[in-house]
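# Residue-level structural notes
The lines below spell out each chain.
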Amino acid sequence: MSIKLIGTGCLPNIPWQDKPEGCSAPIWRYNENPIINRNPIEGVARIFNSAVMPYENGFIGVFRGEQVNGIPFIYLGRSRDGIQWVFEKEKIQFTDENGKPFMPDYAYDPRLVKIDDTYYIIWCQDAYGAAIGMAKTTDFKVFTRVENPFLPFNRNAVLFPRRVGGNFMLLSRPSDSGHTPFGDIFLSESKDMEFWGRHRHVMGKSGRWWENLKIGSGSAPIETSEGWLLLYHGVTNTCNGFVYSMGGAILDIDEPSKVKYRCENFLLTPEEWYEERGFVPNVCFPCAAISDEETGRIAIYYGCADSYVGLAFTTVNEVVEYIRMHDAASDDDRSDGRK
Ligand code: BMA
């Protein structure tokens with residue numbers, strides 16, 4: 001069966017490597033990972049959990065930069081090929097709606113989503129507790145804060161790339177203030193990007209060993225002929241701490257709180273040195289995926305061990321087919337999530 005990407009546009013210069021001979025996994029790594037190494041900017045010790053998009057003739061990205069004082073902020077980077085990045089030295093300066101400086105105390109795990117002609121950045125920050133922050137830009141020079149969508153605590157959010165049923169859609173993961181040992185993915189809607197409601201449960205942790213602690217959305221959902229492809233992270237606990245793997249699900253195109261298929265297997269789990277060894281070992285944390293409608297190619301950017309950025313590849317056909325073949329969605333997953 002041939003599954004198509006919808007509305008993602010053509011991207012002939014998408015970073016790409018063919019699947020290696022003998023690889024049976026649905027997602028394969030770039031063989032020169034990590035693409036961003038330690039100390040990438042003066043005053044920034046590590047970049048990871050970051051998001052990129054095609055822009056002009058190349059690529060642009062928002063990067064989680066852990067400063068040498070340990071505090072994370074968001075940095076802008078540009079690239080011709082999506083692999084080699086040039087970063088701005090100064091963190092992104094956010095302003096309020098009157099153009100006055102309006103910086104959060106910290107900001108991490110940014111996602112970047114284009115809706116119509118506006119780029120939205122969405123991240124985690126303090127708002128009297130860990131909460132979701134948002135800003136918008138049309139030129140990557142002026143970054144205007146948008147009202148925080150939710151009360152604390154919530155540390156993981158991503159927007160859909162278009163309205164569904166006339167409303168903006170946002171996936172998030174309500175939680176507590178720390179490295180929460182729980183968390184499910186919820187969907188919220190808004191007519192204006194300011195007031196959010198109609199909250200629905202999308203899916204929770206499962207009994208499966210790689211995602212039995214908590215889950216959180218990863219890249220912005222990708223529209224396909226089978227539904228929204230959601231790449232997410234699933235977490236398990238071990239005697240040596242949390243392990244973060246990448247999972248996949250397909251959400252109903254018109255009612256995305258309904259899960260059509262949910263893969264019982266992880267799609268990517270820490271195996272390489274840059275995923276297993278670092279500031280926080282054993283973390284694969286997807287935050288972005290770009291795709292080429294023509295070929296069905298998808299390039300995934302994921303944080304590695306809270307220390308590096310990695311790149312991985314798949315095709316829409318291969319990953320959606322794999323998720324379908326290994327579907328283990330529960331009745332609760334398949335429901336509309338309203339109680
Ligand atoms: C989560 C977030 C991520 C991080 C992960 C592993 O709670 O803080 O930014 O990659 O933990 O440390």
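The structure contained in this document is the topic of the report that follows. In this text the structure is predicted, and so the values were computed from the model without any measurement.

Conventions we followed
- In this convention, every chain numbers its residues from 1, walking through the sequence in written order.
- Only residues with pLDDT of 70 or above have their local features reported here, since the model is predicted, and side-chain atom pairs are shown and tallied only from 80 upward, although totals for entire chains, interfaces and linings are computed over all residues.
- Side-chain numbers come from the whole structure's heavy atoms, not from hydrogens or water.
- What counts as a helix is a DSSP run of H or I of at least four residues, what counts as a strand is a run of E of at least two, and both are numbered from the N terminus.
- What the globule rule says is 2.2 Å times the number of residues to the power 0.38, and the radius of gyration is computed from C-alpha atoms.
- Throughout this description, buried means an accessible area under 20% of the type-specific maximum (1.4 Å probe, protein chains only), exposed means over 50%, and partly exposed covers the range between.
- For this analysis, residues touch if any pair of their heavy atoms sits within 4.5 Å.
- For accessible areas, the Shrake-Rupley method is used with a probe of radius 1.4 Å. Any residue's cover is judged against the shown protein chains and nothing else.
- Disulfides are defined in this document as cysteine sulfur pairs within 2.5 Å.
- When DSSP finds two or more bridges between a pair of strands, those strands are recorded as paired.
- Pairing of N or O atoms within 3.5 Å defines a polar contact, subject to two protein rules: one partner must be a possible hydrogen donor and the other a possible acceptor, and residues neighboring in sequence count only if both atoms are side-chain atoms.
- If even one non-hydrogen atom of a residue comes within 4 Å of a molecule or strand, that residue is called near it.
- Think of it as three bins: nonpolar holds Ala, Val, Leu, Ile, Met, Phe, Trp, Tyr, Cys and Pro, charged holds Asp, Glu, Lys and Arg, and polar takes everything else, Gly as well.
- Every definition here rests on a 1 Å grid over the protein atoms only: cavities are sets of points where a 1.4 Å probe fits but cannot get out, pockets are open sets enclosed by protein on both sides within 12 Å along at least five of seven lines, and lining residues have some atom within 4 Å of a point.
- Grid points are joined across faces, edges and corners, and a volume is the space filled by probe spheres set on the points.
- Lines fitted to the C-alpha atoms define the axes, with helices restricted to the stretch that makes contact. Angles between their N-to-C directions range from 0 to 180 degrees.
- Among the buried residues, those of types Ala, Val, Leu, Ile, Met, Phe, Trp, Tyr and Cys that are joined through side-chain atoms within 4.5 Å form a nonpolar core.
- We define a salt bridge as a contact between a side-chain nitrogen of Lys or Arg and a carboxyl oxygen of Asp or Glu at a distance within 4 Å.
- Stacked, tilted and edge-to-face pairs are distinguished by plane angle, under 30 degrees for stacked and over 60 for edge-to-face with tilted covering the rest, among Phe, Tyr and Trp rings (Trp via its six-membered ring) whose centres lie within 6.5 Å.
- The rule for a charge over a ring is simple: NZ of Lys or CZ of Arg within 6 Å of the ring centre, and within 35 degrees of the ring normal.

Attention shifts here to the overall build of the protein chain. Looking only at helices and strands, one finds three helices and 22 strands in the protein chain. Against the globule reference of 20 Å for 339 residues, the protein chain gives a C-alpha radius of gyration of 18 Å, in line with a compact fold. Counting only C-alpha atoms and orienting by the principal axes, one finds that the protein chain spans roughly 50 × 45 × 45 Å. The buried share of the protein chain, reckoned over its 339 residues, is 60%. If you take every contact in the protein chain between residues at least 6 apart in sequence, the share linking residues at least 24 apart comes to 55%. Summing over all exposed atoms, the protein chain offers an accessible surface of approximately 14400 Å²; the carbon and sulfur share of this is 48%.

A complete count under the given rule lists zero disulfides for this structure. Cysteine Cys287 shares no disulfide, and the gap to the nearest cysteine sulfur, in Cys304, comes to 11 Å.

Moving on: the pairing of strand 8 (residues 118-126). For strand 8, a buried count of eight out of nine residues is recorded, marking the element as mostly surrounded by other parts of the structure. One ladder, built from six bridges, connects strand 7 (residues 108-115) with strand 8; its direction is antiparallel. Following the sheet pairing, Ile115 is matched in strand 8 by Thr118. Taken together, the eight bridges between strand 8 and strand 9 (residues 130-137) define a ladder with antiparallel strand orientation. Bridge pairing in strand 9 links Asp126 to Ala130. Counting the residues that bridge the hairpin from strand 8 to strand 9 gives three residues, and of these Tyr128 lies at a positive phi of roughly 60°.

Of note, Glu223 is situated in strand 16 (residues 222-224). A polar side-chain atom of Glu223 sits 2.9 Å from a polar atom in the side chain of Arg162. Apart from the residues lying within four places of it in its own chain, the contact partners of Glu223 are Lys4, Leu5, Ile6, Thr8, Arg162, Trp228 and Ile253.

As a structural note, the neighbourhood of the ligand is formed by Asn49, Arg64, Asp109, Arg155, His179, Tyr244, Val280, Val283, Phe285 and Asp306. Contacts to the ligand include Arg155, whose side-chain N or O atom sits 3.5 Å from an oxygen atom. Per-class residue counts for the shell around the ligand are four nonpolar, two polar and four charged.

Take the layout of surface pockets next. Empty space among the atoms becomes visible once a probe the size of a water molecule is rolled across them. Here the largest pocket is characterised by a volume of approximately 540 Å³. For the largest pocket, the lining is made up of 27 residues, of which Gly7, Thr8, Met53, Lys114 and Pro161 are closest to its centre. When residues of the lining of the largest pocket are traced back to their parent elements, those giving at least two are strand 2 (44-55), strand 7, strand 16 and strand 20 (284-292). A per-element tally of the lining of the largest pocket places strand 20 first, with five residues.

Our next topic: the sheet that holds strand 10 (residues 143-146). Read across the open sheet, the five strands follow the order 6-10-9-8-7; overall the sheet is mixed. Whereas interior strands pair on both sides, the edge strands pair on one side only; in this sheet they are strand 6 (94-95) and strand 7. Pairing geometry for strand 9 and strand 10, over three bridges, is antiparallel. Within the sheet, the bridge partner assigned to Met134 lies in strand 10 and is Val146.

The strands that make up a sheet are held in pairs by hydrogen bonds between backbone atoms, and each pair lies either parallel or antiparallel. Pairing in this open sheet of four strands is antiparallel, and the strands run 11-12-13-14 from one edge to the other. Bordering the open sheet on either side are strand 11 (154-159) and strand 14 (196-203), each of which pairs with just one other strand. Mean inter-strand twist for the sheet, computed between neighbouring axes without regard to direction, equals 30°. Pairing analysis gives five bridges linking strand 13 (residues 185-190) to strand 14, with the strands arranged antiparallel. Considered in strand 14, the bridge of Glu189 is made with Gly197.

Another aspect to go through is the nonpolar core. Nonpolar side chains tend to gather and get buried jointly when the protein is soluble and globular. Judged by nonpolar contacts, the single largest core of 41 residues is most densely connected at Ile35, Trp85, Leu112, Ile121 and Tyr301. The greatest single-element share of this core, amounting to six residues, is contributed by strand 2. Membership of the second largest hydrophobic core comes to 33 residues, among which are Tyr120, Val146, Ala220 and Leu251.

Per the counting criterion, the structure on display carries 18 salt bridges. The shortest N-O distance in the salt bridge between Arg163 and Asp116 comes to 3.0 Å. Separated by 47 residues along the polypeptide, Arg163 in the loop between strand 11 and strand 12 (168-174) and Asp116 in the loop between strand 7 and strand 8 bring together distant segments of the chain. Residue classification places Arg163 among the partly exposed positions, given a relative accessible area of 34%.

Counting across every chain of the model gives 18 aromatic pairs. The interplanar angle of 65° and the centroid separation of 5.0 Å between the aromatic rings of Phe63 and Trp85 together place this pair among those described as edge-to-face. Here Phe63, found in strand 3 (residues 58-67), pairs with Trp85, found in the loop between strand 4 (72-79) and strand 5 (86-87); they are 22 residues apart in sequence, far enough to count as distant. Each member of the pair, Phe63 as well as Trp85, carries the same accessibility label: buried. Within the aromatic cluster, the residues linked to one another by ring pairs are Tyr55, Phe94, Tyr119, Trp123, Phe140 and Phe143. Cation over ring: Arg46 sits above Phe279, and NZ or CZ is 3.7 Å from the ring centre.

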